[in-house]
Amino acid sequence: LLGERSAPSATRPRRKRPRRVFAVRSIRDASRAGAMSAAPLFARGLVVASAVEIGPVSKKPRPATSPRRLPTVPDCGPPTAAEVDALAEFVARADRLLVITGAGASTESNVPDYRSPNGAYSTGFKPMTHQEFMRSEQNQKRYWARSFAGWRAFAERTVPNAAHHALADAQRHGQVWRLITQNVDRLHHAAGSEDALELHGTTHETVCVACGDVRDRRRFQQELRTLNPRFTEAVDASERNAHGKGINGINQTRPDGDVELASASAAIVNDFVVPRCARCGKGPVKPRVVFFGDAVEPATHHAATSMSDGADAVLVVGSSVSTFSAFRLVRDAARRNVPVAILTIGETRADALAEIKVERLAGQTLPLVVERARALEMYGY
C-alpha cells in the first residue's frame, strides 16, 4: 500500500532539485544542447550518446550487477542516469513500440557478434554464403562439421541474459508491441518472447532445399552423431579438454553457432557424412537460417513489413542494422516520421535516422530502462 504524501512543513524550506548538466552529441541541432533534461533532449531530436554527466543528479539508476566479463562482451561502462531516462521516456511515449534486436543483444550470453571490436570479423572470419553452400557437397560437409562441433556450446549451454528477460517482461506488460530479432539463437523464445519474429531464421531448425521439409535441429544433430562416430569422439574429447585439443584445435565459436576448425582437421572433415532429407531423400539439408547472399522467406518478409508499418516507435537493440533486410524496417518507419532510438555499441547504418542513441550494453541497460519506463507510465514521473 502507498502511504499518503505529507504536505511540506511551513517552517522547513523545500529542497531545491539539483540541476542536471549533460555533455551530449547532437545530430540535428547541436547549438541547442546546453543544460537540458533528458525529455527536452528527446523532444528536440538530440542524441544522448555515451552521455557524460557533469553535474549532480537527483537519483541514479541502480548499477546492473554482472559476473566476470565474458570474452564476447565489448568493454563498456554502465549506463548513466541521463541515458536510462532518455530511453525510458522514449519507451513510455510509445503505444506500438517495435523492438529490433541484433547480435549485440546476445553477447552477454556468451554468443559473439560480428562487427564489435571483439566480434568475428575482427579475426578475419568470413561466414559461408548461400552460394558457397550450394556450390559443392564438400562445402556442405565443411559447414555441417563446423556447426556440429559448435552446436552444444551454442544451443545447449547458452541461456538468455538480462536483455532478453527485460524485453520479455516489457512484452508481458504491454510496453513492447512487437519484437523482431535478427539472431538465430532463439534466446528471446527461451526468455519468454515466444512470438518473436526471427527475421533471419534459426539454427534450431533444418530445412530441405529440395522439398522445403522443416525438422527440429536436435533430431538432425543426433543423425550427425550416429553417422560420424570418429568426428563425434573427437568433438567430445575437445570438450573434455579445456584447450580444445581433441579435434586438433576447435577455435572460436561464431555468431551462427559454427566454429573454426584447425587446418589439421581437414582430413576428418573430408570424411564427414551429411544425411539427405528424411522426406524426399534428396537435399541438401541446411539450417533454417538466411545465409549471406540468401533471401528472407516471403512470409517473414511480409510479417516484418507489417510490423514496421504499424509501429509508432522503433527501438534498435544490439544491432548495426547493416543488413538491408533489417535496415529497411527502420528506414521505412522513419520515412513516416516514426521516432527511432538505438541502444548499441558502435556505429550503425541507421545513426542518421535516430533521435536517441545510447552506446551501452543491452543487458546492463534494458532492465533499468523497462523499470524506469513503467514508473513513468504509472506515476508520470
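Quick summary incoming for the structure in this document. Remember, it's a predicted structure, so these values are computed and weren't measured experimentally.

**Re the nonpolar core**
Consideration 1: In this structure, L87, L97, V99, L315 and L366 are the most contacted members of the largest nonpolar core, which totals 31 residues.
Consideration 2: Secondary structure elements with two or more residues in this core: α2 (81–93), β3 (97–101), α5 (162–172), β11 (313–317), β12 (340–343), β13 (356–358) and α12 (362–379).
Consideration 3: The residues contacting L366, other than those within four sequence positions of it, are A163, A166, L167, V317 and L343.

**Some details on α5**
Given 3.6 residues to a turn, an α-helix orients residues that are three or four positions apart in the same direction.
Consideration 1: Within the sequence span of α5, burial applies to A163, H164, A166, L167, A168, A170 and Q171.
Consideration 2: On its buried face, α5 sits against β3, β4 (178–181), α6 (187–191) and α12.
Consideration 3: Measuring from the backbone nitrogen of A163 back to the side-chain oxygen at the start of α5 gives 2.7 Å, which picks out N161 as the cap.
Consideration 4: Positioned one or two residues after α5, G174 has a phi angle of 80 degrees, which is positive.

**Brief notes about the pattern of salt bridges**
Consideration 1: Inspection of the entire model under this criterion finds 18 salt bridges.
Consideration 2: The partner of R186 in a salt bridge is E205, and the shortest N-O contact between them spans 3.8 Å. Separated by 19 residues along the polypeptide, R186 in the loop between β4 and α6 and E205 in strand β6 (residues 201–208) bring together distant segments of the chain.
Consideration 3: For R186, a relative accessible area of 23% gives the class partly exposed.
Consideration 4: Three or more residues joined by partner-sharing salt bridges are found here, namely R186, E198, E205, R288 and E297.

**So, the pairing of β6**
Consideration 1: Of all eight residues in β6, eight are buried; the element is thus mostly enclosed.
Consideration 2: One ladder, built from five bridges, connects β6 with strand β10 (residues 285–289); its direction is antiparallel. Note that in β10 the partner of G201 across the bridge is V289.
Consideration 3: Sheet topology note: the β6/strand β7 (residues 214–216) ladder contains three bridges and is antiparallel. Among the inter-strand pairings, V207 is bridged to a residue of β7, identified as V214.
Consideration 4: Between β6 and β7, which follow one another and run antiparallel, lie five residues, and G212 among them has a positive phi close to 80 degrees.

**Focus on the packing of aromatic side chains**
In this description, an aromatic ring pair is defined by two values, namely the gap between the centres and the angle between the planes.
Consideration 1: For the structure on display, the rule yields nine aromatic pairs.
Consideration 2: Ring geometry for Y143 versus W144: centroids 5.5 Å apart, planes at 80 degrees, classification edge-to-face. The burial state of Y143 is the same as that of W144; both residues are buried.
Consideration 3: When the centroid spacing of 5.0 Å and the interplanar angle of 75 degrees are considered together, the rings of F231 and F272 count as edge-to-face. One end of the pair, F231, is in helix α8 (residues 229–240); the other, F272, is in the loop between α9 (266–270) and β10, and 41 residues separate them in sequence. Taken individually, F231 and F272 each receive the classification buried, so the pair is uniform in this respect.
Consideration 4: Among the aromatic residues, ring-to-ring pairing joins F133, Y143, W144, F220 and F291 into one connected group.
Consideration 5: Over the ring of W151 we find R217, and its NZ or CZ is 4.1 Å from the ring centre.
Consideration 6: Over the face of the ring belonging to F291 we find K286, whose NZ or CZ atom lies 4.8 Å from the ring centre.

**Examining the sheet that holds β4**
Consideration 1: Reading across from one edge, β5-β4-β3-β11-β12-β13 is the order of the six strands in this open sheet, with parallel pairing throughout. Strands with a single pairing partner mark the edges of an open sheet, and in this sheet they are β5 (197–198) and β13.
Consideration 2: Both β11 and β12 contribute to a ladder of four bridges, which runs parallel. Bridge pairing in β12 places L315 opposite A341.

**Some words on the sheet that holds β6**
Consideration 1: Strand order in the open sheet formed by three strands is β7-β6-β10, and the pairing between neighbours is antiparallel. Edge strands, defined here as strands with exactly one partner in the open sheet, are β7 and β10. The mean inter-strand angle of the sheet, taken between neighbouring strand axes irrespective of direction, is 45 degrees.
Consideration 2: Across the sheet, helix α4 (residues 137–156) lies against β6 and β10, angled at about 140 degrees from β6, the strand it touches most.
Consideration 3: Those strands touched by helix α7 (residues 217–227) are β6, β7 and β10, and its axis lies near 75 degrees from that of β7.

**Topic: α8**
Consideration 1: The terminal C-alpha atoms of α8, which comprises 12 residues, lie 16 Å apart, in line with the 16 Å expected from a rise of 1.5 Å per residue.
Consideration 2: Residues of α8 that are buried: F231, T232, A234, V235, D236 and S238.

The rules we used
- Residues numbered from 1 in each chain as written.
- Predicted model: local features only at pLDDT ≥ 70, side-chain atom pairs only at ≥ 80, totals over all residues.
- Heavy atoms only, no water.
- Core = buried A, V, L, I, M, F, W, Y, C linked by side-chain atoms within 4.5 Å.
- Buried < 20%, exposed > 50% of the residue type's maximum accessible area, 1.4 Å probe, protein only.
- Helix = DSSP H or I, 4+ residues; strand = E, 2+ residues; numbered from the N terminus.
- Contact = heavy atoms within 4.5 Å.
- Polar contact = N/O pair within 3.5 Å; in protein donor to acceptor, adjacent residues only side chain to side chain.
- Salt bridge = Lys/Arg side-chain N within 4 Å of Asp/Glu carboxyl O.
- Pairing = 2+ DSSP bridges.
- Phe/Tyr/Trp six-rings, centres within 6.5 Å; stacked < 30°, edge-to-face > 60°.
- Lys NZ or Arg CZ within 6 Å of the ring centre and 35° of its normal.
- Axes fitted to C-alpha atoms, helices over the stretch in contact; angles between N-to-C directions.
- Expected span 1.5 Å × (residues − 1).

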